[in-house]
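Residue-level listing of the chains:
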Amino acid sequence: MEPSTSPTSSSSSDLLSQYSIGEAFDEMLDANLQPREHYKPLYHRLQQTTANEFRRRKAMTDLSMRQDGVGFTVYQAEEGIERVWPMDPVPRIIPAQEWKLIARGLEQRLIALNEFLWDIYHEQRIIREKRIPPHLIIQGKNFRREFVGVNVPKRIYIHICGTDLIRAANGEYLVLEDNGRTPSGVSYMLTNRQVLKRVYPALFNDYEVLPNDDYPAALLEVLQYISPPTSDKPTVVLLSPGMYNSAYFEHSFLAQRMGIELVEGRDLLVDQNRVYMRTTRGRKRVDVIYRRIDDDFLDPLTFRSDSVLGVPGLVNSYRAGKVALANSIGTGIADDKGIYPFVPDIIRFYLGQEPILNNVETFRPEVPSHLSHILENIHKLVVKRVNESGGYGMLVGPASTKQQQEDFKAAIKANPRDFIAQPTIQLSVHPTFVENRLEGRHVDLRPFVLYGEKIVIVPGGLTRVALPKGSLVVNSSQGGGSKDTWVLAERSLAQTQSQMSQSQSQSQMSQSQGSSQAQIQRG
Amino acid sequence: MLSRVADALFWMSRYLERAEQVARSLDVTFHLELDLHGVTGSEEGEEWNYLFRSLNQTPPPAKLGESYSYTVLRWLTLDMSNQGSVMNCLNRSRNNARSIRDSISSEMWRSLNKLYWRLNDRDFQTQVTESLSEFCETVQNGTQLFHGVCDTTLTHDEGWHFIQLGRYLERAQHLLLVLKSQLDLSPVEDTGDTVFSNLHWAAVLKTCAAYDAYRRLYISRVDGERVLEFLLLNLDFPHSVRFCATTMMNSLTAISGELSYRSDNEALRHVGRLVNELTYLDNLEMSNAELKSLLSDCLNRCTLISRSMQKQYALH
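Residues numbered from 1 in each chain as written. Chains lettered and ligands numbered in written order. Predicted model: local features only at pLDDT ≥ 70, side-chain atom pairs only at ≥ 80, totals over all residues.

### Quick look at the confidence of the model for chain B
Residue and element names in this part refer to chain B. Note the following rule: Known as pLDDT, the predictor's confidence for each residue is given on a scale from 0 to 100. Only DSSP runs of H or I covering at least 4 residues are called helices, and only runs of E covering at least 2 are called strands; the numbering of each starts at the N terminus.
Mean pLDDT over chain B: 88, with 93% of residues reaching 70 or higher. For chain B, per-element mean pLDDT is lowest for helix 9 (residues 194-207), which scores 84, and highest for helix 7 (residues 132-153), which scores 95. Here the predicted complex scores 0.83 on pTM and 0.74 on ipTM.

Below is the structure:
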């Protein structure tokens, strides 16, 4: 069917007619179903759009993703199934002021986590001053005692961090978790923008959206910055487990956009502590490895000896400073869920500042008062195993059975260190195209923070959507979708600015005034 | 360039060329069958055997209650249990491309991927047996578009040359096999049934996308010896063995760069000898047996080229 491009009627469209508000924070609409200031132009456009027209746009995004081969692999039994990356054409919009706050909070957090990593792998001051119980670190699954005392290039541990943010019912941004190992998703952030521009260019007419396509260049600069001294331009490669990895699309996407070689373990070899790749003209020296392989699989000589993905001898070469790795080895202790409750204290301890972005309230079974609270209220809480990620090993209290709750209680009592518990937070919702109309679906936000000569945060991030009604699980392997995420230029809010109270958040934006990318010098 | 990447480029290109050949050969043979039915009125299956020999494949067993044409058609187009079906070749080509998609242009990947999804479309697949030509044309257009995109969006450096090598090595081998199996079917000495033989040699030309080019050059009826000469020795036609060999030589020379004069460049040596053989051949006035042995020698040479490349560039 050929859709009408400019419907004459501006009456409320069938897209939004049945939209309703729940208890969660709605990104677009306030409690009276009125659009928030920065969503007004989009809202009016959606009002004038028919469901048919919208369905056509949605079909175009799917086709575009499919033809570009944008997707991920889901493994069921042995067969890997290529799934097309699902994107919802309604963009999520973040006003400039909000973004500034987020960016400053993320910088602060990453600097503190980096200081923390340097400290626990060197002086362990934070342990000696009794700010964190030592066993949380020493027994942490991702603490690499092999790396105590090792100096990493430029003293940076986490070069690429993907931090998951959610919004509480009052709209406050909270940090749900940090991903300081091999965070993924940035290629989808970039692709969503490309595709939305192609299939729905009109949406961009009403806004000044900050571009995000500088990310690969910024990442390359970080990688070059940490290179060991070379006479020539450093050779940077991306180390991937190969095309059967679920994030392979991202690996090849980034390698291509940076113009660097994508290598697999079998392409590399270590000789005399130096790393080389096998080429058609013999060996070529490698200086920097952006590795998308977990610590455990990196080097069969140091970590798991059954790994065929890694490179024998790589860790020694790294230790000797002959090659740089991003991220560094052993960063997993910083995003350990057992450490997470301490991050606000970590910020205070190393930086002497109050956290700009708060954590989600977290209970630790090791603390007796917390334990009794958890056991009494387990049906209302989300309980997580500290060593699991990707939505596995979790108990969502309100959605669990009595038996599951009892099982978790027993497990918590047996191994309190292995668990944390948080109140069940209704993530904010965003209008999302479901079947034939827009409905609110829960979203989170993962911005990507780069740490090199300076900290760079490309405006935006990956917004993930839980597509099943009421679901709080946004992971793409579990049926999540995504949205293009817009950070607005400051001037595009000029009209709305005057309506806002001037004082609000003024104090928070003193630092990186006028710059769209938050940047600060390393402290 | 990483050896693994060179290898994947080479095979991506080989499998794509193979998919195109299977599609074109199938289309041509299918129509030849229809023609021959009018001329001879019998012997269903002979052309199919010829087809499978030229593709270096074993024919599928006939199925009860199903016409053999239909069986062959399914077998060569969509059947994933057949290593040599169009879908399988395309699938392998795409998998190779996917494993190195950062090393080819995104336009190349997109064009190959579009072809793949087009052929995987359920509606499209159900129509294969009714409109074979549409299927074959889609494959040929898709592969040629891919190479067009490749030529205009990829730097003509080492990687591009490995793509050329895969394509032209595969093509040379196919040409030689087509000619060889044709000599079995209608030997050059045989002056019997000219209608029959003409139809066959015309089919050979079509299989090699050479029908128009041949007629333009020779302005005469299709004649076995001339077809042979054209497809083997023509310097300028992209589907001639000599053209393929020359292209391979250029690419191998470009890849080896300053080392090209070295005598230890085995692949280059073999290509060079193939080129010389075809360039300085006295003439093609030979017996059928002699011709067949010439073609066999050339085929062996191709195998040697492939093998020495694997050794030299650490391909798998």
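### Considering the domain arrangement of chain A
Residue and element names in this part refer to chain A. The criterion, for reference: Residue ranges assigned to each domain were obtained from an automatic or database domain assignment. Whether two residues are in contact is decided by their C-beta atoms, placed from the backbone, lying within 7 Å. Throughout this entry, Asp, Glu, Lys and Arg are counted as charged residues, while Ala, Val, Leu, Ile, Met, Phe, Trp, Tyr, Cys and Pro are counted as nonpolar. The remaining residues, Gly among them, count as polar.
Under the domain assignment used here, chain A contains domain 1 (108-167 + 216-351) and domain 2 (361-423). Centre-to-centre separation of domain 1 and domain 2, based on C-alpha positions: 31 Å. Every contact between the two is made by seven residues of domain 1 and, on the other side, seven residues of domain 2. For the side of domain 1 that touches domain 2, a count of residues per class yields two nonpolar, two polar and three charged.

### Section: the packing of helix 5 (residues 106-120) of chain B against helix 7 of chain B
Residue and element names in this part refer to chain B. Short version of the rule: All axes here are fitted lines through C-alpha atoms, helices being fitted over the stretch that makes contact, and every angle between N-to-C directions spans 0 to 180 degrees. For classification purposes, angles smaller than 35 degrees are called roughly parallel, those larger than 145 roughly antiparallel, those between 65 and 115 roughly perpendicular, and all remaining angles oblique.
Helix 7 packs onto helix 5 with a crossing angle of 170 degrees between their chain directions and a minimal axis gap of 8 Å. When the interaxial angle is binned, helix 5 and helix 7 end up roughly antiparallel. Contacts between helix 5 and helix 7 involve Glu 107, Met 108, Ser 111, Leu 112, Leu 115 and Arg 118 on the former and, on the latter, Thr 138, Gly 142, Leu 145, Phe 146, Val 149, Cys 150 and Thr 153. Taken together, the residues of the contact of helix 5 with helix 7 sort by class into seven nonpolar, four polar and two charged.

### Describing the nonpolar core
Residue and element names in this part refer to chain B. Rules: In these notes, a nonpolar core means any group of buried Ala, Val, Leu, Ile, Met, Phe, Trp, Tyr and Cys residues linked to one another through C-beta atoms within 7 Å. Exposed residues have 12 or fewer other C-beta atoms within 10 Å of their own C-beta, buried residues have 20 or more, and residues in between are partly exposed; the C-beta atoms are placed from the backbone.
Core analysis: the biggest nonpolar cluster contains 223 residues, and Leu 231, Val 241, Ala 245, Met 248 and Val 271 have the highest contact counts within it. Considering each element in turn, this core owes the most residues, 16 residues, to helix 1 (residues 3-39). Excluding residues that lie within four positions of it along the chain, Leu 231 makes contacts with Leu 175, Leu 179, Cys 208, Ala 210, His 239, Ser 240 and Val 241.

### Thoughts on helix 11 (residues 343-351) of chain A
All names here are of chain A. Operational definition: This arc is built from the directions going out from the helix axis to the C-beta atoms.
Every buried residue of helix 11 is listed here: Val 343, Ile 346, Ile 347 and Tyr 350. Viewed end-on, helix 11 has its buried residues packed into an arc of 100 degrees, placing them on one side of the element. At its buried positions, helix 11 is contacted by helix 3 (96-120) and strand 13 (358-359). Gly 352 sits one or two residues past helix 11 and shows a positive phi near 65 degrees.

### A short note on the interface of chain A and chain B
Between chain A and chain B, the contact holds 17 residues from the first and 18 residues from the second. Elements represented by at least two residues in the side of chain A that touches chain B include exactly helix 2 (51-68), helix 8 (248-258), strand 7 (261-263) and strand 9 (274-279) of chain A. Tallied by class, the residues present in the side of chain A that touches chain B amount to five nonpolar, six polar and six charged.

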